[in-house]
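Here's the letter readout for the chains.
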Amino acid sequence: MKIRIARKDSKKIAISIICIITIITSAFYIYYKCKNKMVVLNFGTFVGSMNDAPDFQSYKALDDAIYKFEKANPHIKVKYESGILKSDYSEQLSQDILKGNEPDLFCVLPGDFNTFASIGELKNLDNLIKTDKTLDLSKQYATAIKSGKYKSSQYAIAKEVDPELMFVNKTLLEKQGIKLPSVDWTWKDFYKICKDVTLDTNKDGKIDQFGTVGFDWKQAVYTNGQKLFDANGNKATFDNVGVTEAINFVLQLNKLNQNYIVNLKDFDDGKVAFRPFPFSTYSAYNVYPYKVMKYGQFEWECIKLPRGPEGKNAGQLDSLLMGISSRTKHEKEAWKFLKFLTNDKDVQLDVFKYSHGMPVIKELVESKGTDKVLSKYNSDGKKFIDKKELSEVVEQSIVTSSFHKYEASMEIADKDIFQLINSGGDVQDTLTKLNYKLNDFLKP
């Protein structure tokens, strides 16, 4: 009798153990399945480059990045819609946001960032950055990081940057016996060369060779180290002495042309010495076939912009930003892919290889590999700009203010200053009135 009872108890114990093992196994299985459940991450992008430079390998870098990312993260599938033109991208993304079906992670163009951040569409990344021990933003250019900040918080991270440089018609300068400007050239140097090359070459009584085209009031302001608004966009500062100085310099340059409005065709025809251009345009038009198609009739080079009395040899910085939708259901996966695009060294090197912008990781730009990349832009194998100079330009560039009314404020300023430059008037008086108008517009 005792033996039967013992056997019965043993059977119960065995059944209990089996049940416990089954429960634990099931729990681990469910945990594993949930942890490794396939997540489809939608990524928003466009075809072409940020600044409209020719780009026939638009998706090459992205496809390679996705392949590498999915291989390392087999439970994440990244999808994107191809064929969206950059000119249509902002409108389509805005429509998707209104419908509530925007991508989990998407490219943010410079003109869209302030709007998307201000309406709450972009996720505040501060907490993700703070708690992520694998991310070191100090390796990126400080200006690149700043371009993704809105009201002191990080709402996006730059994947690539595009600084401004000065395109120089070397053939024209050599014809006039003028040397290429030095690395740290100034407005004074710039004006002198422009004055010396402004000529009536065919002796018909009208000047037909010019100093510059495209160097507008904003470039003058930024190369003079001026900010047009305070950090939060609560106050305009157009009445600063440095801004007045910049506008007067542009007026001085324009007087050299004797009322003739220099146009882009003049530059394309080799009749203009200088034109500011983003880095992406230099890199696009300095290789075959675009070099032959666009600027094959004269030799050219790019250098830093001239600096004003209060500024540095750098202008405005554009950044291609990556942001996460505040409504994404896949925050963890979106953050992982965003980090990968902006911090993986291979992906960042591909910015140089397949795009026309620049990586955001400083050590990559200043590495030996960059010499090889830059040399490909010239048939003789020479670099068209020194990597250290290029890196300095990014570091010293101006990142424009980030606030909701920025774009509208700049439209108001553009209109008033354009009228001032083309119709005349007292510079200080115009800027004082403009500043008053903008401060009134910026009131809550």
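Everything quoted here is computed from the prediction, not taken from an experiment.

(A) Representation of the packing of helix α2 (residues 60-72) against helix α15 (residues 345-354) in the model. Where α2 meets α15, the axes come as close as 9 Å, and the angle between the chain directions of the two elements is 165°. Relative to α15, the element α2 lies roughly antiparallel. For the pair α2 and α15, the crossing hand works out as right-handed. Each of K60, A61, D64, A65 and K68 in α2 lies in contact with α15, whose residues at this interface are D346, V347, D350 and Y354.

(B) Region of the structure containing the nonpolar core. Counting 74 residues, the largest nonpolar core has F43, L105, F113 and F337 as its most contacted members. The dominant element in this core, judged by the number of residues it contributes, is helix α14 (residues 331-343), at 6 residues. Core analysis: the second largest hydrophobic core is formed by 46 residues, C194, F215, V221 and L438 among them.

(C) Structural view of the packing of α2 against α14. At a closest axis distance of 11 Å, the pairing of α2 and α14 adopts a crossing angle of 125°. Compared by their axis directions, α2 and α14 come out oblique. α14 is crossed by α2, and the crossing has right-handed handedness. Of the residues in α14, those in contact with A65, I66, K68 and F69 of α2 are E333, K336, F337, F340 and L341. Looking at the contact of α2 with α14 residue by residue, the class counts come to 6 nonpolar, no polar and 3 charged.

(D) Expanded view of the side chain of Q348. Among the structural elements, Q348 can be located in helix α15. Residue classification places Q348 among the buried residues on the basis of a relative accessible area of 0%. Of note is the side chain of Q348, whose polar atom sits 2.9 Å from the backbone oxygen of K159.

(E) Representation of empty space enclosed by the protein. For the structure shown, the criterion picks out 3 cavities of 30 Å³ or more. Estimated volume of the largest cavity: approximately 260 Å³. Taken together, 22 residues make up the lining of the largest cavity; nearest its centre are T45, S58, K159, E160 and L320. Within the residue set of the lining of the largest cavity, elements represented by two or more residues are α2, β6 (157-169), β10 (317-324) and α15. Element by element, the count of residues in the lining of the largest cavity is highest for α15, at 3 residues. Along the lines of polarity and charge, the residues of the lining of the largest cavity split into 12 nonpolar, 6 polar and 4 charged.

(F) How the structure looks around helix α19 (residues 406-423). For α19, which comprises 18 residues, the first-to-last C-alpha distance of 25 Å matches the rise-based estimate of 26 Å (1.5 Å per residue) to within 8%. Those residues of α19 that sit buried are Y406, S409, M410, A413, D416, I417, L420 and I421. For α19, the arc enclosing every buried residue in end-on projection is 135°, short of the 170-degree limit, so these residues lie on one face. Turned more than 90 degrees away from the buried face of α19 sit E411, K415, F418, Q419 and S423, all of them exposed. Of the residues one or two after α19, G424 is the one with positive phi, at around 90°.

(G) Molecular detail of helix α18 (residues 387-396). Of all the positions in α18, only K387, L390, S391, V393 and V394 are classed as buried. Projected onto a plane normal to the axis of α18, the buried residues spread over an arc of 155° and lie on a single side.

(H) Broad picture of the pairing of strand β3 (residues 105-108). Sheet analysis places strand β1 (residues 39-44) next to β3, joined by 2 bridges and oriented parallel. Within β3, the residue paired with F43 across the bridge is L105. Where β3 meets β10, 4 bridges bridge the pair, whose relative direction is antiparallel. Paired with C107 across the two strands is M322, which belongs to β10.

(I) Spotlight on the pattern of salt bridges. Counting across every chain of the model gives 19 salt bridges. Taking the shortest distance from any N to any O, the salt bridge between E102 and R327 comes out at 2.9 Å. With E102 in the loop between α3 (86-99) and β3 and R327 in the loop between β10 and α14, this residue pair connects regions lying 225 residues apart in the sequence. Residue classification places E102 among the buried positions, given a relative accessible area of 10%. Exposure remark for R327: the relative accessible area of 47% places this residue in the partly exposed category. Its salt-bridge partner being D269, residue K265 comes within 2.8 Å of it at the nearest N-O pair. By relative accessible area, K265 is classed as exposed at 56%. Salt bridges sharing common partners tie together K68, D344 and D346.

(J) Focus on unusual backbone geometry. Of note in this structure, S152 is not a glycine but carries a positive phi near 70°. When you line up the elements, S152 lands in the loop between β4 (149-150) and β5 (153-154).

(K) Fine view of the pairing of strand β8 (residues 272-278). Across the 7 residues of β8, 7 count as buried, placing the element largely inside the fold. Across 5 bridges, the pairing between β6 and β8 is antiparallel. Among the inter-strand pairings, V168 is bridged to a residue of β8, identified as F274. Where strand β7 (residues 210-212) and β8 come together, 2 bridges link them in parallel fashion. Across the sheet, the residue bridging to F210 is V272, located in β8.

The rules behind the values
Residues numbered from 1 in each chain as written. Predicted model: local features only at pLDDT ≥ 70, side-chain atom pairs only at ≥ 80, totals over all residues. Heavy atoms only, no water. Axes fitted to C-alpha atoms, helices over the stretch in contact; angles between N-to-C directions. Helix = DSSP H or I, 4+ residues; strand = E, 2+ residues; numbered from the N terminus. Parallel < 35°, antiparallel > 145°, perpendicular 65-115°, else oblique. Left-handed = near helix turned anticlockwise from the far one by under 90°. Contact = heavy atoms within 4.5 Å. Core = buried A, V, L, I, M, F, W, Y, C linked by side-chain atoms within 4.5 Å. Buried < 20%, exposed > 50% of the residue type's maximum accessible area, 1.4 Å probe, protein only. Nonpolar A, V, L, I, M, F, W, Y, C, P; charged D, E, K, R; others polar. Polar contact = N/O pair within 3.5 Å; in protein donor to acceptor, adjacent residues only side chain to side chain. 1 Å grid on protein atoms, 1.4 Å probe; cavity = no way out; pocket = protein on both sides within 12 Å on 5 of 7 lines; lining within 4 Å. Points joined across faces, edges and corners; volume = space filled by probe spheres on them. Expected span 1.5 Å × (residues − 1). Arc of directions from axis to C-beta. Pairing = 2+ DSSP bridges. Salt bridge = Lys/Arg side-chain N within 4 Å of Asp/Glu carboxyl O.

Remember, this is a structural readout, not a statement about activity or role.
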